[in-house]
Amino acid sequence: MTHPVELESHDGVAVIRIDSPPVNALSAEVLVGLGECLLAALGDPAVAGIVLTGNGKSFVAGADVTRLEKIARGAPLDVAGVPRLPELIATLEGSSKPTVAAIEGFALGGGLELALGCHARVGSPLCRVGLPELLLGLIPGAGGTQRLPRLTGVRAASEMMLSSRQVKAEEALRLGILDEVVPSDELVPRAAALTRELGRGPRRAVLDRTDRLEPEAEWREILARAGREVQKKQRHVTHPSACLEAIEHGLVHGGSAGLERERELFLEALASEPARALIHLFFAERAAAKVPGVTDAGLSPRHPSRVVVIGGGTMGSGIATALLDAGVGVGLVEASEALGEAARARIRKNFARSVEKGRLSAGAAEQRVAGLSLHTELDALGEADFVIEAASEELGLKRQLFAELGRRTGPDTWLASNTSTIDLELLAEASGAPERVLGLHFFSPAHVMKLVEVVRTPRTSARALSDALALCKRMKKTSVTVGNCTGFLVNRIFMPYSQLTGLLIDRGIDPYRIDRALSEFGMPMGPSRMSDLAGLDVGVAAGAILDAAYPTRAYRSALRRLLVEAGRLGEKTGAGHYRHESGRAEEDPELAAFVARARELAGSPAKAALADAEIPRILLFGVVNEACRALEEGIVLRPSDIDVAANLGMGFPAFRGGPMRWADGIGAAAVHAALVEWRDRFAQPIFEPAPYLAECARTGASLLTRC
Ligand code: 3H9
């Protein structure tokens, strides 16, 4: 193996190059190599300046998260002989020889912090910089909270840290993070030249700068406002507030004191449960992209230049938006020109929202819409690599479509359905080309939600699946590969969530209390509020399909059906469980009559007495239990895939790591015992523990490793 850090000297400039695939993370070997090369360059009288660079793909993607995970689980912080990152940064910053970072690819987290320790930064046009530590439940721990505000001002720096977003070269230049942007092939020569220019003039460490900071009253107001926002939107976790505290500490007490406080707060965050959960999800998302027999089969995925989308309703338009946004041309097929134009208007509106939010320029939005062509016949199919069907959920219509698609497309065109309720095998059979058929189940709104369930039947070919995974990645979606069953993974495992909500309501628990308990747990909203958002009619129809598929464990309260019969379909009709006329969800005293009637229809069972904390457990142990069934049936590959899907598809709180990790923290035996107790207390088979769960409970195995 080559050394992960190399040192070359040319004309008095030392170039330290980090080359540690896949992303140049700061592993122990890289830190040791960096330390040694820095020492050599500083000690060499022939070296007048130092350039720090990466391997072309990445500058440095940050601290080694694998190592952070171990520390979070109790491994010692320091390893003998391995320098700490903050010390290396201090050496760069305090160096008598000018230091310049030449950034190509990603400079994230500790990578950007390393670059901020240099006296200047040059980037290539495609570089990306950012401090995404908060996504991992951490705060920047090697000076990011101190140096970034001193380069960009507090407003931009705090926004970058709180959003964890990656900033492109042009913006990084405007913000002052980069001093210059030059083409890739000029990057290192220009950085070397800059060390010589810096060598002639005065140099100031970023930590000592104050010229970009806002006046005190202004930065105080910025931090106070950000603090209020964080309290409101991320009230279950403390690390975002800790990040703001570190920034403020440095502004009040100076950069060096700020570094010390940052370190303390970083270590506190690293030892916290949310960090362990978020790091679990980081690796879980990456594991989900790997499908044995497909992604390790040596296939080189095709990158489609054109995809045909059939159906331009809300889902079809959202899918088309996501494709166009990824630079993939879309042929959209609708039944009439008018419907096609309506779809184009929806797609335009989707992009307009991105323009409003400042994510896209108006010109770029128009350019993306220009990649769309409208068709009323399947004549658009000719050159498509992929067809994604998003027509209405009618089996007859879809079967007919797939039969035609099978006939009219060649052996290299993959045929995907966005169905959420129809058995994919039936469509595969109708197509006459089952090896080309798979499901791409997007979540609504499809251009916003990150999750795609990639559904395969036993006959879907590895090539089709491999190309589908690559297409999802290109759309910046996270894919979870699942087998074919009613509800696929997410809708199936959350089936008990809605059923058990009904059970508790029938047992006298107030629906609004259930909603509050689930919000308190960290779900984005409670089950009744969510049902109002999705549409009660949609929920009732989907529920009926799921109940029919899994009759041995179906429980259905009459409440939602009664509300639908009264025309209360949720937000879209102004009332459901809540009233929505004011634009806000307001509790409605009229709901009580519907609840009373539902209880009567359930046989007026005895009211249950439950503590608030028990409510989320009942609903979500139900989810875990069904997830265990999906695992043992092979519908999903790994427990961590369930965590990814539940987080991205249903908003299961990331700071708890997903239902499987959360339940594992409680322990399989305790989950099993609770289900048995509720089964007996409520006399409902819905609580019957899945064999996989029972086995883990019996053997003491972790729910995260398949037993
Ligand atoms: C930090 O820096 C703390 C400091 O402030 C303080 C320190 C004292 N470490 O995502 P991909 C692996 S916190 C270890 O599919 P892409 C990843 O697991 C860190 N491994 O590629 C995967 O492995 P595998 C702050 C890492 O091209 C492979 O690389 N930094 C790391 O889609 C490919 O990853 C971050 O949070 C890492 N840091 O995206 C950045 N990063 O193939 C985290 C990646 O075995 N990384 N791996 O599954 C990313 O956001 C993306 O990986 C990146 C590339 C955008 C760089």
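Below is a summary of the structure that appears in this document. (Residues numbered from 1 in each chain as written. Predicted model: local features only at pLDDT ≥ 70, side-chain atom pairs only at ≥ 80, totals over all residues. Heavy atoms only, no water.)

## Some points on the sheet that holds strand E2 (residues 13-18)
Sheet architecture is open: 6 strands sit in the order E1-E2-E3-E5-E7-E10, paired in mixed fashion. Looking along the sheet, the strands with just one partner apiece sit at the ends: strand E1 (5-10) and strand E10 (180-181). One ladder, built from 2 bridges, connects strand E7 (residues 120-123) with E10; its direction is parallel. Looking at E10, one finds that Val 122 is bridged to Glu 180. Along the sheet, helix H8 (residues 187-200) makes contact with E1, E2, strand E3 (49-53), strand E5 (99-103), E7 and E10, crossing E5 at roughly 160 degrees. (Pairing = 2+ DSSP bridges. Helix = DSSP H or I, 4+ residues; strand = E, 2+ residues; numbered from the N terminus. Contact = heavy atoms within 4.5 Å. Axes fitted to C-alpha atoms, helices over the stretch in contact; angles between N-to-C directions.)

## Re the packing of aromatic side chains
Going through the model one piece at a time under the given rule, you end up with 10 aromatic pairs. Geometrically, the ring pair formed by Phe 494 and Tyr 497 is edge-to-face, given 5.4 Å between the ring centres and 75 degrees between the ring planes. In this structure Phe 494 comes out as buried when scored by relative accessible area, which is 5%. Residue Tyr 497 is classed as buried on the basis of its relative accessible area, which comes to 2%. A ring pair is formed by Phe 621 and Trp 662, whose centres lie 5.4 Å apart and whose planes are at 50 degrees; its orientation type is tilted. Linking Phe 621 in helix H26 (residues 614-632) with Trp 662 in helix H28 (residues 659-666), this pair joins segments that are 41 residues apart in sequence. Grouping aromatic residues by their ring pairs yields a cluster made of Phe 521, Phe 621, Phe 652, Trp 662, Trp 678, Phe 682 and Phe 687. Lying over the aromatic face of Phe 282, Arg 286 brings its terminal NZ or CZ to 3.8 Å of the ring centre. One residue, Arg 656, lies across the ring of Phe 521, its end atom 4.0 Å from the ring centre. (Phe/Tyr/Trp six-rings, centres within 6.5 Å; stacked < 30°, edge-to-face > 60°. Buried < 20%, exposed > 50% of the residue type's maximum accessible area, 1.4 Å probe, protein only. Lys NZ or Arg CZ within 6 Å of the ring centre and 35° of its normal.)

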